[in-house]
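The primary structure of each chain is shown beneath.
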Amino acid sequence: MNMLKKIVLTLIYIFIINYLEADDSWKIYKDSEIADIYITVEPEDLEWIYNNVESDSLHPVTIFFQNEYIDETLDSVGFRLRGNTSRSAQKKSFKLDFNHFISTRDFYGVEKLNLNGEHNDPSIFRSKLSWDFFQEIDMISSRASYAKVYINDEYYGLYISVEHIDDTFLKRNYNDDSGNLWKCIWPADLSYRGEDQENYHPYYGDDRPYELKTNTEQNDFS
């Protein structure tokens, strides 16, 4: 009887652990319906953001996220512009950061949301089709779904919510996530520049085209 009790308790423990560690991030990207994302920001903060489009400063906002599986409000979420050419476009792209102001917090296993305005694609379809295709062929890639974005109750348009590639993404997709994650921005061209690490540091003005996002303490560019 004691042995049976131990087995039952062990099974219950395993079930609880698996339940607590369950990955619910799919609920954000399940695109059986278009999500609604309401962002509430102080008007002066929004004005500052639009007057300083090159800044990555994060401002606190409250968001309401609703789709088929989620109906939740979160406050103290970081909010800023994102992208490159989209910063000067009429329809801008945004980033939501759930753990910037509240450390270690996530939203259904996701720490950041990228809301892409797709200003250079009137169909708002090309990148979504690409992400879906990658998922279909089991290629490790970002997930994406559509969302209607409202800021201070004003409709800003249809956006594509694209999964952010970070350490959380690596843990979810790789058995060994200990390697370096790089963010390549212009003018990165992936060209070989020899064995000297300094050759991969900033080589166009002060911009660093290869930005190390993990293992930053080692700072190994080899």
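The shown structure was predicted, so the numbers you read here are calculated from the model rather than taken from an experiment. (Residues numbered from 1 in each chain as written. Predicted model: local features only at pLDDT ≥ 70, side-chain atom pairs only at ≥ 80, totals over all residues. Heavy atoms only, no water.)

Remarks on the sheet that holds strand 5 (residues 112-116)
To summarise the sheet geometry, strands pair through backbone hydrogen bonds and adopt either a parallel or an antiparallel arrangement. On the basis of which strands lie adjacent, the closed barrel formed by 7 strands has the order 1-2-3-4-5-7-6 and mixed pairing. Averaged over all adjacent pairs, the angle separating strand axes in this sheet is 40 degrees, with direction ignored. Relative to strand 7 (residues 154-163), strand 6 (residues 144-151) is paired through 8 bridges, and the arrangement is antiparallel. Its bridge partner lying in strand 7, Tyr150 is registered against Tyr155. Across the sheet, helix 3 (residues 43-51) lies against strand 2 (59-66), strand 3 (71-82), strand 4 (93-97), strand 6 and strand 7, angled at about 105 degrees from strand 2, the strand it touches most. Helix 4 (residues 126-136) rests against strand 6 and strand 7 of the sheet, and its axis sits at about 140 degrees to strand 6. (Pairing = 2+ DSSP bridges. Helix = DSSP H or I, 4+ residues; strand = E, 2+ residues; numbered from the N terminus. Axes fitted to C-alpha atoms, helices over the stretch in contact; angles between N-to-C directions. Contact = heavy atoms within 4.5 Å.)

As for unusual backbone geometry
Of note in this structure, Asp138 is not a glycine but carries a positive phi near 60 degrees. One can find Asp138 in the loop between helix 4 and strand 6. Judged by its relative accessible area of 70%, Asp138 falls in the exposed class. Positive phi, normally seen in glycine, also occurs at Asn152, with a value near 50 degrees. Mapped onto the elements, Asn152 comes out in the loop between strand 6 and strand 7. (Buried < 20%, exposed > 50% of the residue type's maximum accessible area, 1.4 Å probe, protein only.)

A few points about empty space enclosed by the protein
Overall, the coordinates contain 1 cavity of 30 Å³ or more when judged by the stated rule. Space inside the largest cavity adds up to approximately 50 Å³. Contributing to the lining of the largest cavity are Gly109, Val110, Glu111, Lys112, Glu163, His164, Asp166, Thr168, Phe169 and Arg172. For the lining of the largest cavity, the leading source of residues is helix 5 (residues 167-173), giving 3 residues. Of the residues that constitute the lining of the largest cavity, the class distribution is 2 nonpolar, 3 polar and 5 charged. (1 Å grid on protein atoms, 1.4 Å probe; cavity = no way out; pocket = protein on both sides within 12 Å on 5 of 7 lines; lining within 4 Å. Points joined across faces, edges and corners; volume = space filled by probe spheres on them. Nonpolar A, V, L, I, M, F, W, Y, C, P; charged D, E, K, R; others polar.)

Structural notes on the confidence of the model for the protein chain
Looking at the protein chain, the pLDDT average stands at 88 and 89% of residues meet or exceed 70. Every residue in residues 13-21 scores below 50 in pLDDT, and together they form 0 contacts with partners more than four places removed in sequence or on other chains. (pLDDT = per-residue confidence, 0-100.)

Considering a nonpolar patch on the surface
Together, Phe133, Ile137 and Met139 give the surface a local cluster of nonpolar side chains, amounting to about 310 Å² of exposed area. Tracing the chain through its elements places Met139 in the loop between helix 4 and strand 6. Owing to a relative accessible area of 43%, Met139 belongs among the partly exposed residues under this scheme. (Patch = residues over 30% accessible without salt bridge, like charges linked within 9 Å, V, L, I, M, F, W, Y side chains within 5 Å. Areas by Shrake-Rupley, 256 points an atom, 1.4 Å probe, with all protein chains shown as cover. Salt bridge = Lys/Arg side-chain N within 4 Å of Asp/Glu carboxyl O.)

Some details on the pairing of strand 1 (residues 35-40)
Inspection of the sheet shows strand 1 paired to strand 6 by 5 bridges, in the parallel sense. If you follow Ile39 over to strand 6, its bridge partner there is Ile151. With 5 bridges connecting them, strand 1 and strand 2 associate as antiparallel partners. Across the sheet, the residue bridging to Ile39 is Ile63, located in strand 2.

A closer look at the environment of Tyr200
Within the element layout of this structure, Tyr200 appears in the loop between strand 8 (182-184) and strand 9 (210-212). In this structure Tyr200 comes out as buried when scored by relative accessible area, which is 14%. Separated by 10 residues in the primary sequence, Tyr200 and Tyr210 place their C-alpha atoms 6.9 Å from one another. Non-local contacts of Tyr200, meaning those with residues more than four positions away in its chain, are made with Ser191, Tyr192, Arg193, Gly194, Tyr210 and Phe221. Polar side-chain contacts of Tyr200 include one of 3.0 Å to the backbone oxygen of Gly194. (Polar contact = N/O pair within 3.5 Å; in protein donor to acceptor, adjacent residues only side chain to side chain.)

Description of helix 3
Every α-helix carries 3.6 residues per turn, so stepping three or four residues along brings you back to the same face. What helix 3 keeps buried is the set Asp45, Leu46 and Ile49. Down the axis of helix 3, the buried side of the element spans an arc of 100 degrees, and every buried residue falls inside it. Of the exposed residues in helix 3, those oriented more than 90 degrees away from the buried face are Pro43, Glu47 and Asn51. (Arc of directions from axis to C-beta.)

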